[in-house]
Amino acid sequence: MRRGMVILFWLCVWQLAAVMTHNDILLVGPVQVGGALLHSMAEADFLRTIFGSACRIGLGFFAALFCGVLLGTCSYRYGWPEEFFAPVITALKSVPVASFVVLLLIWAGSGSLSFFISFLIVFPNVYVNTIAGLKSADRRLLEMAKVFGVSGFNRVCFLYRPALMPYLRSCVKVSLGMSWKSGVAAEVIGLPADSLGERIYMSKIYLDTAGLFAWTLMVILLSFFFEKAVLYCLKKLEDWKPYPAVERRAYRKDAISEVHKDDRRGRSGAAVPGIFIRNVNKAYGNRQVLSDFSLTMRRGGRYCLMAPSGEGKTTLLGLLNRTVLPDAGMIEGVPERIGMVFQEDRLCETYDVAANILLTYRPGTGLHCSGRGKNRGAGAREEALRIIRTEAEKILPPECVTNSVNQLSGGMKRRCAVLRAMLSGAELIIMDEPFAGLDEQNRERTAAYILENLNGRTLLVTTHRAEDAALLDGEIVTL
């Protein structure tokens, strides 16, 4: 009601100013503009005019949106296109629109002028904001996805999309108005047939001020509704929270270097009976973290790594999960699939517990080897969700399994991270302080769950407490 009163006030001021001016060429009131708009709407070619301009400007906007997102993604992914296209983007942002209009009139004619102008105005904004949005994706979550071998589709949908959408929505909100303003201005210069720009220009020629205001009002209304429709779709895309697709492809060894020998076999080709870390060195600047370190872990063993903070425990885990490369030494026998509980929980905060676990869930190895062959697509996902929810209720309150992670306590998040590692189908389970933030009852309950569901898999845990090593019945390794 207050907004309506404000609008009514300014309409009255406008009408009063028109009455006081008493000159229809200099200024007309809202009553006359409304009459002119109704008269224009009654004309036979009114819809053709609206449709023609809306199509040209709208197509230019959507083409720029598509190309900007696509090229921005390529620039983020490969790096060199960002530098290669930098001069072009700078030129598009700096050159006056009038210069582009004149050039395009020479090159393409007036028929497609508003399409190209709309494209050139929107494209640089979308391109720059796409790169910025993708770069803002949480590095820790991306590292988690790399360790677990999350598929490219799931990474885009669940890690990059939430980071990109705020940038894209803000950029589109600004670019929509600019595309309509510049597109109609180009039509006023180029005068393509059946266009809003042509109608505005003809109103100027005939000194039809009421008609000029009426067609300008139509441009504003079209821009307003177009903006609302596009932003509504983007908001729906941003709020969309599907469950991840169940991963069935072979694990991608995209981060394995020469120091990580073939996952199951040594140099002779024979099966490696365990994991061997031989004379590994790692330094950060002048600080030597690991020096000539060696460790042998038999397959199916349970190991608890204990050392004071800052002595290299997290670095050693990074060497095993392939996110850190040693300066010297050799690592052999590391399985392809690794499930990990990081020092931080590294969960997708806006998704529920089931979605977070499903993101890295893999049937086939370790716990619950089901769902092969017969169930695919939605059927495989429902089967996986059923297993996940059943397992989650063993160490989490049943009512919180479908809650967003950001609604959970710190201890609940930690148990969710443990579940994610255990249900990842991994052959090696690495846990960095898995019981942090848990009370004694939940420590015992979670440790019992881990032991019950290891199923012969290798477990490596870092901890500061000898009690945790006792709960897991693990062999203590000191750095």
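Up top you'll find the structure we're talking about.
The present account deals with the structure reproduced in this document. (Residues numbered from 1 in each chain as written. Predicted model: local features only at pLDDT ≥ 70, side-chain atom pairs only at ≥ 80, totals over all residues. Heavy atoms only, no water.)

A surface patch of nonpolar side chains, amounting to about 460 Å² of accessible area, comprises L217, I220, L221, F224 and F225. Structurally, the position occupied by F225 is in helix α10 (residues 209-239). (Patch = residues over 30% accessible without salt bridge, like charges linked within 9 Å, V, L, I, M, F, W, Y side chains within 5 Å. Areas by Shrake-Rupley, 256 points an atom, 1.4 Å probe, with all protein chains shown as cover. Salt bridge = Lys/Arg side-chain N within 4 Å of Asp/Glu carboxyl O. Helix = DSSP H or I, 4+ residues; strand = E, 2+ residues; numbered from the N terminus.)

On to the sheet that holds strand β2 (residues 287-298), then. Taken together, the three strands give an open sheet; going across it, the order is β2-β1-β4, and neighbouring strands pair in antiparallel fashion. Strand pairing shows two members of the sheet lacking a second neighbour, β2 and β4 (328-332), which therefore form its edges. Strand after strand, the sheet turns through a mean of 15 degrees between neighbouring axes, direction not considered. Where strand β1 (residues 274-284) and β4 come together, four bridges link them in antiparallel fashion. Bridge pairing links R278 to M330 in β4. (Pairing = 2+ DSSP bridges. Axes fitted to C-alpha atoms, helices over the stretch in contact; angles between N-to-C directions.)

Our next topic: the environment of V230. Tracing the backbone through its elements, the reader meets V230 in helix α10. We classify V230 as buried; its relative accessible area is 8%. As a C-alpha pair, V230 and V324 span 94 residues in sequence and 43 Å in three-dimensional space. Setting aside residues no more than four positions away along its own chain, V230 makes contact with F61, F62, V172 and L176. (Buried < 20%, exposed > 50% of the residue type's maximum accessible area, 1.4 Å probe, protein only. Contact = heavy atoms within 4.5 Å.)

Take unusual backbone geometry next. Positive phi is not limited to glycine here, since H22 has a value of about 55 degrees. Among the structural elements, H22 can be located in the loop between α1 (2-21) and α2 (30-41). Even without a glycine there, the phi angle at L191 is positive, about 55 degrees. Checked against the element boundaries, L191 lands in the loop between α8 (152-190) and α9 (196-205). Take L191: its relative accessible area is 33%, and that puts it in the partly exposed class.

Core analysis: the biggest nonpolar cluster contains 46 residues, and F61, I117, F123, V172, W180, L196 and M218 have the highest contact counts within it. The set of elements that each furnish at least two residues to this core consists of α2, α3 (46-78), α4 (80-94), α5 (97-107), α6 (113-135), α8, α9 and α10. Look past the residues within four positions of F123 in its chain and what remains in contact with it is A64, C67, G68, L71, I89 and L92. (Core = buried A, V, L, I, M, F, W, Y, C linked by side-chain atoms within 4.5 Å.)

With that out of the way, let us pick up the pattern of salt bridges. Scanning the entire structure with this criterion turns up 21 salt bridges. Between E238 and R169 there is a salt bridge, with the nearest N and O atoms lying 2.7 Å from each other. Of the two residues, E238 is situated in helix α10 and R169 in helix α8; the sequence distance between them amounts to 69 residues. Residue class for R169 comes out partly exposed when judged on its relative accessible area of 28%. Among the charged side chains, a salt-bridge network with shared partners connects E440, R443, R465 and D468.

We now examine helix α15 (residues 440-452). In a regular helix each residue adds 1.5 Å, so 13 residues correspond to 18 Å; α15 covers 18 Å between its end C-alpha atoms and thus fits that length. Along α15, the residues classified as buried are N442, R443, T446, A447, Y449 and I450. Each buried residue of α15 sits inside an arc of 160 degrees when the element is viewed along its axis, so together they form one side. Facing away from the buried side of α15 by over 90 degrees, the exposed positions are Q441 and E452. Against α13 (378-392), α14 (410-422), β6 (428-432), β7 (458-462) and α16 (466-471) lie the buried residues of α15. (Expected span 1.5 Å × (residues − 1). Arc of directions from axis to C-beta.)

Let us now look at the state of the cysteines. A covalent bond between the sulfur atoms of two cysteines is what we call a disulfide. Summed over all chains, the structure comprises zero disulfides. In this structure C157 is a free cysteine whose sulfur lies 10 Å from that of C348, the closest cysteine sulfur available. C416 takes part in no disulfide bond, and the closest cysteine sulfur to it belongs to C400, at a distance of 8.5 Å. (Disulfide = S-S within 2.5 Å.)

By the secondary structure assignment, N281 is in strand β1. Within the structure, the side chain of N281 is placed 3.4 Å from the backbone oxygen of N279, a separation counted as a polar contact. (Polar contact = N/O pair within 3.5 Å; in protein donor to acceptor, adjacent residues only side chain to side chain.)

In a regular helix each residue adds 1.5 Å, so 39 residues correspond to 57 Å; α8 covers only 45 Å between its end C-alpha atoms and thus falls short of that length. Helix geometry: α8 is bent most strongly at R161, by close to 55 degrees, with proline P162 lying one to four residues after it. Once α8 ends, the next one or two residues include L191, with phi positive near 55 degrees. (Bend = angle between axes of the 7 residues up to and from the residue.)

Right, let's get into the pairing of strand β3 (residues 302-306). With four of its five residues buried, β3 lies for the most part within the structure. Both β3 and β7 contribute to a ladder of four bridges, which runs parallel. What sits directly across from R302, in β7, is L459. Judged from the four bridges that link them, β3 and strand β8 (residues 475-478) form a sheet pairing that is parallel. Residue pairing for β8: Y303 is matched across the bridge by E475.

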